[in-house]
Amino acid sequence: QVQLAESGGGLVQAGDSLRLSCAASRRTRSDYTMGWFRQAPGKERQFVAFITWIGSATHYADPVKGRFIISRDIAENTMYLQMNNVKPDDTAVYYCAAEPGTVIRTTPGGYSYWGQGTQVTVAS
């Protein structure tokens, strides 16, 4: 059982940087896949990136490759999304998610645990 809480969203200008955090409620000795998703108004929830908790393997959606960096701090039990060179199209509610195991997961249905989301708004 994992409980997640996102923070760090806000209003930024295009080209700025922003770091989102996702704090997990407890540590685990087993590996998890932890991911970031985003959802804009009227649109489906979209995969952004994932990281395996222990192995730190990562995968990114094409729209964010080269701009966003996913990472985690095991000691702090926290996952991060460093958002660089943000664009207006990045505007969305950003959610963190977790699922036991390390199978590739790029859809919302692949994750069992979710945070409440944090709003990111990018002004042009």
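The rules behind the values
- Residues numbered from 1 in each chain as written.
- Predicted model: local features only at pLDDT ≥ 70, side-chain atom pairs only at ≥ 80, totals over all residues.
- Heavy atoms only, no water.
- Helix = DSSP H or I, 4+ residues; strand = E, 2+ residues; numbered from the N terminus.
- Buried < 20%, exposed > 50% of the residue type's maximum accessible area, 1.4 Å probe, protein only.
- Contact = heavy atoms within 4.5 Å.
- Core = buried A, V, L, I, M, F, W, Y, C linked by side-chain atoms within 4.5 Å.
- Disulfide = S-S within 2.5 Å.
- Pairing = 2+ DSSP bridges.
- Salt bridge = Lys/Arg side-chain N within 4 Å of Asp/Glu carboxyl O.

Draft legend 1. Focus on the environment of Tyr 113. Here Tyr 113 is to be found in strand β10 (residues 113-114). Exposure remark for Tyr 113: the relative accessible area of 18% places this residue in the buried category. C-alpha separation for the pair Tyr 113 and Cys 96, spaced 17 residues apart in sequence, amounts to 8.4 Å. Leaving out residues up to four positions away in the same chain, Tyr 113 has contacts with Gln 1, Val 2, Leu 4, Tyr 32, Cys 96, Ala 97, Ala 98 and Pro 100.

Draft legend 2. Broad picture of the nonpolar core. With 29 residues, the main nonpolar core has Leu 4, Met 34, Trp 36, Met 79, Leu 81, Met 83 and Tyr 94 as its most contacted residues. Among residues more than four places away in sequence, those in contact with Leu 4 are Cys 22, Ala 23, Ala 24, Met 34, Cys 96, Ala 97, Ala 98, Tyr 113, Trp 114 and Gly 115. Ranked by size, the runner-up nonpolar core spans 6 residues in total, among them Phe 50, Ala 61, Ala 97 and Tyr 111.

Draft legend 3. Region of interest: the state of the cysteines. The final tally for this structure, using the stated rule, is 1 disulfide. Disulfide pairing is shown between Cys 22 and Cys 96; the S-S distance is 2.1 Å. The disulfide joining Cys 22 to Cys 96 has a torsion of about 65 degrees about its S-S bond and is therefore right-handed. Remark: Cys 96 occurs in strand β9 (residues 92-100) and Cys 22 occurs in strand β3 (residues 18-24); sequence separation between them is 74 residues. Each of the two residues, Cys 22 as well as Cys 96, counts as buried.

Draft legend 4. Quick look at unusual backbone geometry. For Ser 56, which is not glycine, the phi dihedral falls at a positive 65 degrees. Tracing the sequence through the fold places Ser 56 in the loop between β5 (46-52) and β6 (58-60). With phi around 55 degrees, Asn 77 is a residue other than glycine that occupies positive phi space. For Asn 77, the location among the structural elements is in the loop between β7 (68-73) and β8 (78-83).

Draft legend 5. Quick look at the pairing of strand β4 (residues 32-39). Among the 8 residues that make up β4, 7 are buried, leaving the element largely enclosed by the rest of the structure. Note: β4 against β9, 8 bridges, orientation antiparallel. Across the sheet, Phe 37 pairs through a bridge with Tyr 95, a residue of β9. Here 6 bridges tie β4 to β5, and the two strands are oriented antiparallel to one another. If you follow Phe 37 over to β5, its bridge partner there is Phe 47. Following β4, the chain reverses through 6 residues before pairing antiparallel with β5; Gly 42 in that reversal takes a positive phi of roughly 75 degrees.

Draft legend 6. Local environment of the pattern of salt bridges. In the structure shown here, the tally under the stated rule is 3 salt bridges. Between Arg 38 and Asp 90 there is a salt bridge, with the nearest N and O atoms lying 2.8 Å from each other. Of the two residues, Arg 38 is situated in strand β4 and Asp 90 in the loop between β8 and β9; the sequence distance between them amounts to 52 residues. Owing to a relative accessible area of 1%, Asp 90 belongs among the buried residues under this scheme. It is possible to trace a salt-bridge network through shared partners that takes in Arg 38, Arg 67 and Asp 90.

Remember, this is a structural readout, not a statement about activity or role.
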